[in-house]
Amino acid sequence: MSNRKVIRVVTGIHTRDGAGVKLTRVIGERDVRDFDPFLMLDAFDSRNPEDYIEGFPWHPHRGIETVTYLISGDIEHGDSLGNKGSITDGSCQWMTAGGGILHQEMPQPSEHMLGAQLWINLPKKDKMTPPSYNDIKAHAIVKVEEDGARVAIVSGEYKGKKAPMQGNFVKTTYLDVMLEPDREWQVETPVENTVFIYIVQGSLAVDGTVCESRRALLFDRAEKLALTAGSSGVRFLLLSAKPLNEPIAWAGPIVMNTRAELERAFREIEDGTFVKDCKKAYMDSDQ
């Protein structure tokens, strides 16, 4: 089997979003072609509540899935489906915005807010699917303990172990991997999939090149990924999914396939018809 090689290293941009939350936008609109079907990855890493307590008040989404995974911290959330709850240490919120949803995410003061929000594009045929919500508690996330390694399977599968979540529209492997110092680690990857990692803490080596934390590494197509932890160990998130190879029209919280679809979404936000029977809206759009 051939090993994947690094083709891009992305450091990300420090920015603010929502009502003023400090975060690192690791990948975004400038990267969609290379990282397809992944649209955005925002990383949170702060011990100062003033960086994030203003949160993300009520806002709309359409055409995507948002996956919020917390290594540590506490985020209260609610949406227009009536869901309410908290994302806490080791938990995940997997939301399918589909044809339209309103939600809010309000981080609470904690010792260490550490985690990431991932946006996954929805295929054209599923853009207007009815919105849905999955609350994945820490105890439901499958963990695999190995010699010098610990792998939490947020979605997909690893070493024959399957997560409760597979991705209903885009089959996605999402692993939270911790390696002890100098530990070598390998995983087989479907050749056709886009594969990247985000280094949360520590460092690792790929083909003899050392890469430090708070960076995303995008890999080329091959059957296997081989990594070696640095001298202080490493923790990283691994994402893998098959590209959609579809047109992308993106404006703020809405990601569709055409400019006309974007304009329609924003008209509906203005006139109050954005959240509705999405299945009927999808059928109407085909006529």
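Keep in mind that this is a model prediction, so the values were computed, not measured.

**What to know about the side chain of Ser46**
And then number 1: Counting through the fold element by element, Ser46 comes out in strand β4 (residues 38–46).
And then number 2: Ser46 sits in the buried class, given a relative accessible area of 9%.
And then number 3: Within the structure, the side chain of Ser46 is placed 3.0 Å from the backbone nitrogen of Asn48, a separation counted as a polar contact.
And then number 4: If near-sequence neighbours (up to four positions away) are discounted, Ser46 is found in contact with Asp51, Tyr52, Glu111, His112 and Met113.

**A few points about unusual backbone geometry**
And then number 1: Going from Asp36 to Pro37, the amide bond is cis rather than trans, its omega being 15 degrees.
And then number 2: Looking at the secondary structure, you find Pro37 in the loop between α1 (32–35) and β4.
And then number 3: Here Asp207, not a glycine, exhibits a phi torsion of approximately 55 degrees, which is positive.
And then number 4: Position of Asp207 relative to the elements: it lies in the loop between β19 (194–206) and β20 (209–212).

**A closer look at the nonpolar core**
And then number 1: Judged by nonpolar contacts, the single largest core of 32 residues is most densely connected at Phe38, Leu41, Tyr69, Leu118, Tyr174 and Phe196.
And then number 2: Per element, the largest residue contribution to this core is four residues, and it comes from strand β11 (residues 113–121).
And then number 3: Setting aside residues no more than four positions away along its own chain, Tyr174 makes contact with Val67, Tyr69, Ala116, Leu118, Ala152, Ile153, Val154, Ser155, Leu237, Leu238 and Leu239.
And then number 4: In this structure, Val151, Leu179, Val195 and Ala229 belong to the second largest nonpolar core, which totals 25 residues.

**Quick notes on the environment of Glu146**
And then number 1: Here Glu146 shows up in strand β13 (residues 142–146).
And then number 2: The sequence separation of Glu146 and Ile27 amounts to 119 residues, and the corresponding C-alpha distance is 30 Å.
And then number 3: Apart from the residues lying within four places of it in its own chain, the contact partners of Glu146 are Val151, Tyr158, Lys159, Arg183 and Trp185.
And then number 4: Side chain to side chain, Glu146 and Tyr158 meet in a polar contact 3.0 Å long.
And then number 5: In this structure the side chain of Glu146 is engaged in a polar contact, spanning 2.7 Å, whose partner is the side chain of Lys159.

**Let's talk about the confidence of the model for the protein**
And then number 1: Predicted confidence across the protein gives a mean pLDDT of 94, with 96% of residues reaching 70 or more.
And then number 2: Scored below 50 in pLDDT, residues 278–287 shows 15 contacts in the model against residues more than four places distant or in partner chains.

**Quick word on the sheet that holds strand β8 (residues 84–88)**
Strand pairing in a sheet takes place through backbone hydrogen bonds and is either antiparallel or parallel in direction.
And then number 1: An order of β5-β10-β7-β8 is seen for the four strands of this open sheet, with the pairing classed as antiparallel. Looking at the sheet topology across the chains shown, the edges are occupied by β5 (56–61) and β8. Neighbour to neighbour, the strand axes of the sheet diverge by 25 degrees on average, direction disregarded.
And then number 2: In this sheet, β8 lies alongside strand β7 (residues 74–79) in antiparallel orientation, the contact comprising five bridges. In the strand pairing of β8, Asp74 is matched with Thr88.

**Re the packing of aromatic side chains**
And then number 1: Tallying each qualifying case throughout the model produces six aromatic pairs.
And then number 2: Centroid distance Phe38 to Phe196: 5.5 Å. Interplanar angle 70 degrees. Geometry classified as edge-to-face. Note that Phe38 is positioned in strand β4 and Phe196 in strand β19, a separation of 158 residues in sequence.
And then number 3: Assessed through its relative accessible area of 0%, Phe196 is described here as buried.

**What to know about the pairing of strand β14 (residues 149–155)**
And then number 1: Extensive coverage of β14 is indicated by the burial of six of its seven residues.
And then number 2: The pairing of β13 with β14 spans five bridges and is classified as antiparallel. Paired with Val142 across the strands is Ile153, a residue of β14.
And then number 3: Hairpin connection, β13 to β14: the antiparallel pair is bridged by two residues, and Gly148 has positive phi, about 80 degrees.

**Looking at the sheet that holds strand β2 (residues 13–17)**
And then number 1: Pairing is antiparallel across the open sheet formed by seven strands, whose spatial order is β2-β3-β4-β11-β6-β9-β12. The open sheet is flanked by β2 and β12 (132–136), the only strands paired with a single partner. Mean inter-strand twist for the sheet, computed between neighbouring axes without regard to direction, equals 20 degrees.
And then number 2: When strand β3 (residues 21–27) meets β4, the two strands line up antiparallel, connected through three bridges. When the sheet's bridge partners are listed, Thr24 is paired in β4 with Ala43.

Scoring rules and cut-offs
- Residue indices begin from 1 for each chain and proceed along its sequence in written order.
- It should be noted that, the model being predicted, local features are given only for residues of pLDDT at least 70 and side-chain atom pairs only at 80 or more, the latter also being counted only at that level, while totals for whole chains, interfaces and linings use all residues.
- Only heavy atoms go into the side-chain values, all of them from the structure, while hydrogens and water stay out.
- Helix numbering and strand numbering both begin at the N terminus, where a helix is a DSSP run of H or I of at least 4 residues and a strand a DSSP run of E of at least 2.
- A 1.4 Å probe rolled over the protein chains alone gives each residue an accessible area, and that area as a share of the maximum for its type sets the label: buried under 20%, exposed over 50%, partly exposed in between.
- Contacts described as polar in this section are N or O atom pairs within 3.5 Å, which, within protein, must combine one atom able to donate a hydrogen with one able to accept it, while residues neighboring in sequence count only if both atoms come from side chains.
- A contact between two residues is defined here by any heavy atoms of the two lying within 4.5 Å.
- Side-chain atoms within 4.5 Å are what join buried Ala, Val, Leu, Ile, Met, Phe, Trp, Tyr and Cys residues into a set we call a nonpolar core.
- Each residue carries a pLDDT value, the predictor's own confidence for that position, ranging from 0 to 100.
- Whether two strands pair comes down to DSSP finding at least two bridges between them.
- Axis angles are defined between N-to-C directions and span 0 to 180 degrees, where every axis is a line fitted to C-alpha atoms and, for a helix, only to the segment in contact.
- Only Phe, Tyr and Trp rings are paired, with Trp represented by its six-membered ring, and only when their centres lie within 6.5 Å; those with planes under 30 degrees apart are stacked, over 60 edge-to-face, the remainder tilted.

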